[in-house]
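Tertiary structure, described
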Amino acid sequence: MAATPSAPLSVDISGMRIKYLDKKELFLESDLACREPIGQFKVWFDEACKTPGILEANAMCLATASKDGTPSCRYVLLKNFGKEGFRFFTNYSSRKGKDLAENPKAALTFYWEALKRSVRIEGLAEKISASESDKYFHERPRDSQIGAVVSHQSTIIHGREELAAREREITAQYENKEIDRPDEWGGYLVVANKVEFWQGQSNRVHDRIVFRKADASEANGETTHLGEDGWVFERLAP
Ligand SMILES: Cc1cc2nc3c(=O)[nH]c(=O)nc-3n(C[C@H](O)[C@H](O)[C@H](O)COP(=O)(O)O)c2cc1C
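Treat the numbers as computed from the prediction; the structure is a model and nothing was measured. (Residues numbered from 1 in each chain as written. Predicted model: local features only at pLDDT ≥ 70, side-chain atom pairs only at ≥ 80, totals over all residues. Heavy atoms only, no water.)

Surrounding the ligand, one finds Glu56, Arg74, Tyr75, Val76, Leu77, Phe89, Thr90, Ser94, Arg95, Lys96, Gln153 and Ser154. For the ligand, an oxygen atom lies 2.6 Å from a polar atom in the side chain of Thr90. Between an oxygen atom of the ligand and a side-chain N or O atom of Ser154, the distance comes to 2.6 Å. Contact with the protein chains removes 64% of the 610 Å² of surface that the ligand exposes when unbound. Breaking the shell around the ligand down by element, the ones donating at least two residues are strand E2 (71-77), strand E4 (85-91) and helix H2 (95-102). (Near = heavy atom within 4 Å. Polar contact = N/O pair within 3.5 Å; in protein donor to acceptor, adjacent residues only side chain to side chain. Areas by Shrake-Rupley, 256 points an atom, 1.4 Å probe, with all protein chains shown as cover. Helix = DSSP H or I, 4+ residues; strand = E, 2+ residues; numbered from the N terminus.)

Below is the structure:
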């Protein structure tokens, strides 16, 4: 195995800094498309999907933590969302699956660099129904279905050949047959209780508006605004 390369990096990391949006695109409370976060997310997500240079607008970093609080994060793909929550699919026996089984608290972060926008979501993750997982599993390309059967995600394997051999075996086993969804593969719904919208500004005085589930009685103060569907929203210092 190669030793750590001794040549210096081509960049000075501490000096890496890009210029943000030239034109000021302030994100004010009056710019909110909705007074609840799911509608607002829909507007930003749609803009991200239409923006050249954002290839996977649905890529989001999922943070979980084990029962003892050890954090871990990785990217997953958002597959659906609505007022009920945000859905992604994975292997229930993976590290994230084990974390969520013992601690359902989860956080999701999107970063859409070309728009200088980020959305942070916090909430509780729950497994979706087996029938909903079946439906999505069978909508996926056949290769992806085989991949889900082949890979016991996050387990240690001897090398690529082990996977390749299993892939050949599973492909032969299911020739001309519908592939069964493995019990360990399925979806989660993250039911949000906090959603933050971050808009970067060229002068670095960024905008942050955060929605949180709250008792309506505490809203409509000087800094806390009453939203809809049990949400209130506030501005945070950047
Ligand atoms: C852009 C991107 C999208 C990904 N989407 C998924 C996904 O939707 N589901 C999934 O299980 N893994 C996905 N992965 C792989 C995960 O990041 C991760 O390697 C895998 O789920 C194992 O994570 P864990 O060991 O923490 O459970 C994706 C990786 C990248 C870079």
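So, about the pairing of E4. Of all 7 residues making up E4, 7 are buried, and the element is well covered by its neighbours. Hairpin connection between strand E3 (residues 80-82) and E4: a loop of 2 residues separates the two successive antiparallel strands. As judged from the 6 bridges shared by E4 and strand E7 (residues 185-199), these two strands associate in the antiparallel manner. Counterpart to Phe89 in the pairing with E7 is Gly187. (Buried < 20%, exposed > 50% of the residue type's maximum accessible area, 1.4 Å probe, protein only. Pairing = 2+ DSSP bridges.)

Turning next to the packing of aromatic side chains. Here the structure, examined in full by the defined rule, presents 19 aromatic pairs. Pairing Phe110 with Trp112 gives two aromatic rings, centres 5.3 Å apart and planes at 40°, and the pair type is tilted. Here the two residues Phe110 and Trp112 agree in accessibility, since each one is buried. When the centroid spacing of 6.0 Å and the interplanar angle of 85° are considered together, the rings of Phe197 and Phe211 count as edge-to-face. One end of the pair, Phe197, is in strand E7; the other, Phe211, is in strand E8 (residues 207-213), with 14 residues separating them in the sequence. For the pair Phe197 and Phe211, a shared accessibility class is recorded, and that class is buried. Aromatic rings pair up to connect Phe41, Phe45, Phe81, Phe86, Phe110 and Trp112 into one cluster. Here Arg117 stacks its cationic end above the ring of Trp44, 4.3 Å away from the centre of that ring. Over the ring of Tyr92 we find Lys127; its NZ or CZ atom is 4.3 Å from the centre of that ring. (Phe/Tyr/Trp six-rings, centres within 6.5 Å; stacked < 30°, edge-to-face > 60°. Lys NZ or Arg CZ within 6 Å of the ring centre and 35° of its normal.)

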